Amino acid sequence: MAKLLEGKPIAERIKEEIREQALSLRVKPVLASVMMGDDPGAVSYSKSQARVAQELGIEYQPHNLKANTTETHLLDFIKKLNTNKSVHGIIIQNPVPAQVDYKKLSSFIDPGKDIEGIHPGNIGKLIFGGSRLIPCTAYAVMELILASGVDLYGKEAVIVGHSEIVGKPLALLLLERFATVTVCHIGTSKAGKLEGHVKRAEILIVAVGCPGLIKGAWVKEGSVVIDVGINRVGDNIVGDVEFTAAEKRAAYITPVPGGVGPLTVVMLMRNLIEAIKSQQSGEYV
Ligand code: NDP
């Protein structure tokens with residue numbers, strides 16, 4: 001039976017590190033959140049950011065704009081946050097309304113304040129290794145894998161899902177640690193090859209948003225399974241992996257909820273601290 005990789009104890013340890021590091025910063029960290037409209041997912045994510053910020057002595061500044069805010073107005077608003085010296089980090093709550101081009105927006109945030117790690121400059125730095133502002137969910141997944149104590153060197157790592165915020169950055173982070181990385185996506189499934197790839201995964205990360213996509217019987221004996229998926233099924237929240245069958249085969253597995261989720265916001269705050277350190281040292285992040 002697999003050991004559970006729970007996010008909460010790791011999150012508590014990282015919060016402790018953040019508190020200690022924040023003491024040496026000489027400023028109260030300020031995080032500006034920009035939300036357009038009132039998407040329930042964005043509202044809930046923003047509430048948990050505000051709660052964690054408060055716990056850590058970080059000032060959380062919510063900026064709630066109307067859902068019909070024009071892209072031009074929004075970009076002007078972000079420009080002001082970029083140049084406001086009292087703001088150290090910026091997060092744009094997703095989803096943004098249809099009139100706003102998210103990719104354009106992400107390149108508009110000052111890369112030194114981009115604590116979500118979505119600016120093309122920060123994403124580009126992942127290629128070279130040693131990047132400091134890492135997309136939070138991918139960063140959270142890496143913390144969970146490292147917590148298992150499994151050495152990634154030469155391991156077969158299979159990622160299912162190739163989004164910009166999870167699968168793609170994760171592939172680069174795993175490569176940095178010399179895992180052999182395979183990235184699967186809709187094309188892999190349509191070609192009927194998903195099962196074959198999953199079956200040889202010593203490290204399996206699934207970030208799709210499709211309940212039960214990964215059958216428990218596909219999970220390799222003794223593997224590490226990180227389930228990023230969040231799906232509402234009736235009254236329950238479940239992941240993308242058939243948990244009950246998978247935990248009988250894996251050595252380590254994340255629960256859903258309670259695995260990746262509790263860590264994501266904490267990684268955002270860790271990025272904020274890194275951003276402030278770079279801002280204070282004058283180093284380009
Ligand atoms: P996206 O929708 O951006 O990406 C989903 C990915 O899955 C795409 O690459 C897509 O490929 C791929 N995909 C879709 N269907 C299949 C399939 N049948 N077989 C293989 N691949 C498939 O989602 P996100 O990356 O934003 O999120 C993924 C999941 O993780 C969601 O459930 C989300 O709620 C959850 N999540 C959880 C977080 C947490 O903190 N725990 C944080 C962020 C996300 P293609 O694009 O080619 O169709």
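Conventions adopted
- Residues numbered from 1 in each chain as written.
- Predicted model: local features only at pLDDT ≥ 70, side-chain atom pairs only at ≥ 80, totals over all residues.
- Heavy atoms only, no water.
- Pairing = 2+ DSSP bridges.
- Helix = DSSP H or I, 4+ residues; strand = E, 2+ residues; numbered from the N terminus.
- Axes fitted to C-alpha atoms, helices over the stretch in contact; angles between N-to-C directions.
- Domains from an automatic or database assignment.
- Salt bridge = Lys/Arg side-chain N within 4 Å of Asp/Glu carboxyl O.
- Buried < 20%, exposed > 50% of the residue type's maximum accessible area, 1.4 Å probe, protein only.

A. Examining the sheet that holds strand β3 (residues 59-65) more closely. Spatial ordering of the open sheet is given by β3-β2-β4, a layout of 3 strands whose pairing is parallel. Both edges of this open sheet fall to β3 and β4 (89-92), since each of them pairs with a single strand only. Direction aside, neighbouring strands of the sheet carry axes that sit 20° apart on average. Two elements, strand β2 (residues 30-36) and β4, share 4 bridges in a ladder whose sense is parallel. Within β4, the position partnered with Ser33 by the bridge is Ile91.

B. Local environment of the domain arrangement of the protein. Split into domains, the protein comes out as domain 1 (25-112) and domain 2 (136-261). The C-alpha centroid of domain 2 is placed 29 Å from the C-alpha centroid of domain 1.

C. Structural view of the pattern of salt bridges. Throughout the structure, instances matching the rule amount to 16 salt bridges. Ionic pairing is found between Glu12 and Lys15, a salt bridge with its closest N-O pair at 3.1 Å. Highlighted residues: Glu12 and Lys15, both in helix α1 (residues 7-23), separated by 3 residues, approximately one helical turn. In this structure, Arg270 engages Glu17 in a salt bridge whose closest nitrogen and oxygen atoms are separated by 3.2 Å. Linking Arg270 in helix α11 (residues 261-281) with Glu17 in helix α1, this pair joins segments that are 253 residues apart in sequence. Under the relative-accessibility criterion, Arg270 is labelled buried at 14%. Residue classification places Glu17 among the partly exposed residues on the basis of a relative accessible area of 29%.

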